[in-house]
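# Fold and contact review
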Amino acid sequence: MFDRQAHQQRIAWYREARFGMFIHWGLYAIPARGEWVRSEERMPEEEYDRFFHEFTAQDFDPRAWARLARQAGMKYAVLTAKHHDGFCLFDSQYTDFKSTNTPFGRDAVREFLDAFRAEGLRVGLYYSLLDWKHPDYPHQTDTHHPLRGQTDASDDGRDFGRYLDYMHGQIRELCENYGKIDIFWFDFSYDRMSGDTWHAAEIERMVHALQPQAILDNRLEASGSGFGSLVTENPTSYCGDFVSPEQIIPPEGIQDCAGRDVMWEACVTMNNHWGYCAADRYFKPASMLVRKLVECVSKNGNLLLNVGPDARGRIPEESERILQRIGAWMDKNGESIYGCGRADVPKPDYGRVTQRGSTRYYHIFDAPIGFVPLMKGSARHLRARWLQSGAEVNVKSNWMTENYPEYVFASLGENPVLPDDIDTVIRVETV
Ligand code: GLC
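Residues numbered from 1 in each chain as written. Predicted model: local features only at pLDDT ≥ 70, side-chain atom pairs only at ≥ 80, totals over all residues. Heavy atoms only, no water.

## Examining the side chain of Thr102
Structurally, the position occupied by Thr102 is in the loop between β2 (76-82) and α5 (108-118). Polar side-chain contacts of Thr102 include one of 3.4 Å to the backbone oxygen of Phe55. A distance of 2.7 Å separates a polar atom in the side chain of Thr102 from the backbone oxygen of Ser99. Apart from the residues within four sequence positions on either side, Thr102 is in contact with Phe52, Phe55 and Phe87. (Helix = DSSP H or I, 4+ residues; strand = E, 2+ residues; numbered from the N terminus. Polar contact = N/O pair within 3.5 Å; in protein donor to acceptor, adjacent residues only side chain to side chain. Contact = heavy atoms within 4.5 Å.)

Have a look at this one:
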């Protein structure tokens, strides 16, 4: 049974945080063709295992990752503890296919958690329900396995129950051995591999018995497609605490069957890959990502923005520069993001509006011609200020606006160039 009250309590900090870092890192950083490389290239196990023996990650510095995330204005971070390839970045007693057995020799999960907590961020772990390494996970009959369709990879003799014991055992290890975990980001359900197949109810019970504050995503029963039962009138116990749209921002946010806003988090890559991909230089500009963060918040959602560190453990320079530029904007305007959500006024042509309580934040992407229309109604109790400087913005009308008396206008002055070329924010308080 889904406990709505406990859910609302769990997600309070998360709704306030709005902005997090996703980190996809593992052996796949060595072939450097994304985290699905073994499946996409149908790579045999022994070919992929070569990367295990050369995983040195000599530049791994989770504190540098954490500083970059904090300075970007991110309030939480999620690291892949185990991805679909089955490689564990933590010292699991259930497998030898783990970072502590590579030349790198370290428990990257523990160091990630310590570093990000030290920088004041909340921490989450991504854990793949799929496992292309485990002998009892379906091979030949699976739609994603690297050996799918191969007659020499028959599923005869594979004991899925034994895999579930392994999977549940590792989730227990992550719950018991690494301190307080704020988010468990499971990934992903597909075809018949969903819900009861994973014994998802047991997973949820175990996680919340050991980590009662932890919030879960919806992928014990969904994936990037499908919302799962969180939006229905009878959510399962393992529906999770947020819907996880992937590489898309929902046109109107996400509502449940009763029209109530549901917690959601858009997970987005900076280029087009989650895991490091050397050839993929198509990075989204900081200006675009700031505006997408504003868009998520204006629709009552979060943005989980991904970085894919390389085989040495370094976040790509492009990602660093983008995060530093986002951080410069967040330094001055974070107040219009944190704890904000959907506004009670329509989206304006020139940008978006976020709101917290009775304070609205007008995000002006495109400079207006003449005065800027804020909302319909009376200007009597409104006080407008440039958010970055605190300077007064004149809320007034004149002969140019008198044809539109139902609107409240603000004058942005004579300069047609806005103070911030990404997003100039005006704070409008009701006083
Ligand atoms: C998809 C991909 C996976 C990635 C996840 C991030 O599930 O399969 O590689 O980690 O999206 O949301």
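## Description of the nonpolar core
With 107 residues, the main nonpolar core has Trp25, Phe116, Phe186, Leu305, Leu323 and Ile326 as its most contacted residues. The residues touching Leu323, leaving out its near neighbours within four places in the chain, are Met21, Leu68, Ala72, Met74, Met270, Leu305 and Val307. By size, the runner-up hydrophobic cluster in this structure holds 19 residues, among which are Val345, Val372, Met375 and Val428. (Core = buried A, V, L, I, M, F, W, Y, C linked by side-chain atoms within 4.5 Å. Buried < 20%, exposed > 50% of the residue type's maximum accessible area, 1.4 Å probe, protein only.)

## Topic: the sheet that holds strand β12 (residues 382-386)
Read from one edge to the other, the open sheet built from eight strands follows the order β8-β9-β10-β15-β12-β13-β14-β11, with strand pairing classed as antiparallel. Each edge of the open sheet is held by one strand with a lone partner, namely β8 (341-342) and β11 (372-376). Pairing of strand β13 (residues 392-395) with strand β14 (residues 407-411) involves two bridges; the strand directions are antiparallel. Paired with Asn394 across the two strands is Ser411, which belongs to β14. Sitting on the sheet, helix α8 (residues 286-298) touches β8, β9 (351-356) and β10 (359-364), and the angle it makes with β9 is about 50°. (Pairing = 2+ DSSP bridges. Axes fitted to C-alpha atoms, helices over the stretch in contact; angles between N-to-C directions.)

## Brief notes about the packing of aromatic side chains
For the structure on display, the rule yields 33 aromatic pairs. Taken together, Trp25, Phe52, Phe55, Phe60, Trp65, Phe87, Phe97 and Phe104 form an aromatic cluster joined through their ring pairs. Of note, Lys133 hangs over the ring of Phe97, and the distance from its end group to the ring centre comes to 4.4 Å. (Phe/Tyr/Trp six-rings, centres within 6.5 Å; stacked < 30°, edge-to-face > 60°. Lys NZ or Arg CZ within 6 Å of the ring centre and 35° of its normal.)

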